[in-house]
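As a plain string of letters, each chain reads:
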Amino acid sequence: MSRMPALFLSHGAPPLVDDARWVAQLQELTAGLPRPKAILMASAHWESAPLMLGATETVPLVYDFGGFERRYYETTYTAPGAPELATRIEKLMPDSEHVARTNRGLDHGAYVPLTVMYPDADIPVLQMSLPTLEPDRLLELGRRLAPLRDEGVLIVGSGFTTHGLPFLRDWRTDAAAPGWSREFDAWTAETLARGAVDELADFRDRAPGMPFAHPTIEHFAPMFLTLGAADDPERAPEQPIEGFWMGLSKRSFQVA
């Protein structure tokens, strides 16, 4: 089993699956990956402490959005559960990190990219909650989960590189990116390229475009779980997906 990389994906709303460029970029990224034995998803749309693990038998979907066409509520993704992965995660956590289990299904931050990456839904999937939004704690959580990569598990932090929905004025999918979105995206790309994790962790005070790019920070936080799972978080990751959708940055990256 080849060692899996770890990913941070900008997942978007359900209509992002209609964006041909994003679909092509994500399919190309996936084609370059070893086939996972299982997938561990951590989405911006599930914040819960203590650390919680989702459904491990049948894995339902959570349609956690509103105002879209009916067809987006009819999406199915019947991936098998990953009970062995849930047990393994429990064993990787220290005694001070309580882990709870639930029957919660995959929210759109998890299943939207998976429908593009692995449309046959034939790889076991487990979603875990974000027990914190603090970068340092998520980096440490990623470090604890990193051994899963040697066991064929694809670790995915799913968010969005910019997510200033309250400040969008043009809701077309091909809308020009606002200045705050372009500036924050450029800063993120450059800071990642330098491997400056400490600066990324201080994004609320350092990054241009704040707080407009992230009036709440749950969509940026999952990248720290991904960086924590890297061999060396300060090694520049590959950034195979960039560009904007509805003016928001789709930047995504892959760590070794």
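Computed from a prediction, not measured in an experiment: that's the story for all the values here.

1. Observations concerning the overall build of the protein
Then, number 1: A count of helices and strands for the protein gives 8 helices and 10 strands.
Then, number 2: At 17 Å, the protein has a C-alpha radius of gyration in line with the 18 Å of a compact globule built from 256 residues.
Then, number 3: Expressed as lengths along the three principal axes of its C-alpha atoms, the size of the protein is roughly 45 × 45 × 35 Å.
Then, number 4: In the protein, which comprises 256 residues, the proportion classed as buried is 58%.
Then, number 5: Look at the contacts in the protein between residues 6 or more apart in sequence, and 81% of them connect residues 24 or more apart.
Then, number 6: Carbon and sulfur atoms provide 49% of the accessible area of the protein, an area that totals close to 10600 Å².
Then, number 7: Considering the protein, the positive charge centre built from 23 side chains and the negative charge centre built from 35 side chains are found 1 Å apart.

2. Describing the layout of surface pockets
Then, number 1: Here the largest pocket is characterised by a volume of approximately 260 Å³.
Then, number 2: In this structure, the largest pocket is lined by 17 residues; those nearest its centre are Gly12, Ala13, Phe68, His163 and Leu165.
Then, number 3: Residues of the lining of the largest pocket, tallied by class, amount to 10 nonpolar, 6 polar and 1 charged.
Then, number 4: Its boundaries defined by the atoms lining it, the second largest pocket holds a volume of some 170 Å³.
Then, number 5: The element that contributes the greatest number of residues to the lining of the second largest pocket is helix α2 (residues 83–92), accounting for 3 residues.
Then, number 6: A class-by-class count of the residues in the lining of the second largest pocket yields 6 nonpolar, 1 polar and 4 charged.

3. Re helix α3 (residues 108–117)
Then, number 1: A large share of α3 lies buried, amounting to 9 of its 10 residues.
Then, number 2: Looking at the buried positions of α3, the neighbouring elements they touch are β1 (6–10), α1 (20–31), β2 (38–47), β5 (125–130) and β6 (153–159).
Then, number 3: Between the side-chain oxygen at the start of α3 and the backbone nitrogen of Gly109 there is a gap of 2.9 Å, and the oxygen is on Asp107.

4. Looking at unusual backbone geometry
Then, number 1: Cis geometry marks the peptide bond from Ala49 to Pro50; its omega dihedral reads 5°.
Then, number 2: Along the chain, Pro50 turns up in the loop between β2 and β3 (51–53).
Then, number 3: Residue Pro211 follows Met210 across a cis peptide bond; omega there is 5°.
Then, number 4: Of note, Pro211 is situated in the loop between α7 (203–206) and α8 (222–228).
Then, number 5: Its identity as a non-glycine residue notwithstanding, Ala121 has a phi of 55°, on the positive side.

So, how was this worked out
Residues numbered from 1 in each chain as written. Predicted model: local features only at pLDDT ≥ 70, side-chain atom pairs only at ≥ 80, totals over all residues. Heavy atoms only, no water. Helix = DSSP H or I, 4+ residues; strand = E, 2+ residues; numbered from the N terminus. Rg over C-alpha atoms; globule rule 2.2 N^0.38 Å. Buried < 20%, exposed > 50% of the residue type's maximum accessible area, 1.4 Å probe, protein only. Contact = heavy atoms within 4.5 Å. Areas by Shrake-Rupley, 256 points an atom, 1.4 Å probe, with all protein chains shown as cover. Lys, Arg positive; Asp, Glu negative; His and termini not counted. Charge placed at Lys NZ, Arg CZ, Asp CG, Glu CD. 1 Å grid on protein atoms, 1.4 Å probe; cavity = no way out; pocket = protein on both sides within 12 Å on 5 of 7 lines; lining within 4 Å. Points joined across faces, edges and corners; volume = space filled by probe spheres on them. Nonpolar A, V, L, I, M, F, W, Y, C, P; charged D, E, K, R; others polar. Polar contact = N/O pair within 3.5 Å; in protein donor to acceptor, adjacent residues only side chain to side chain.

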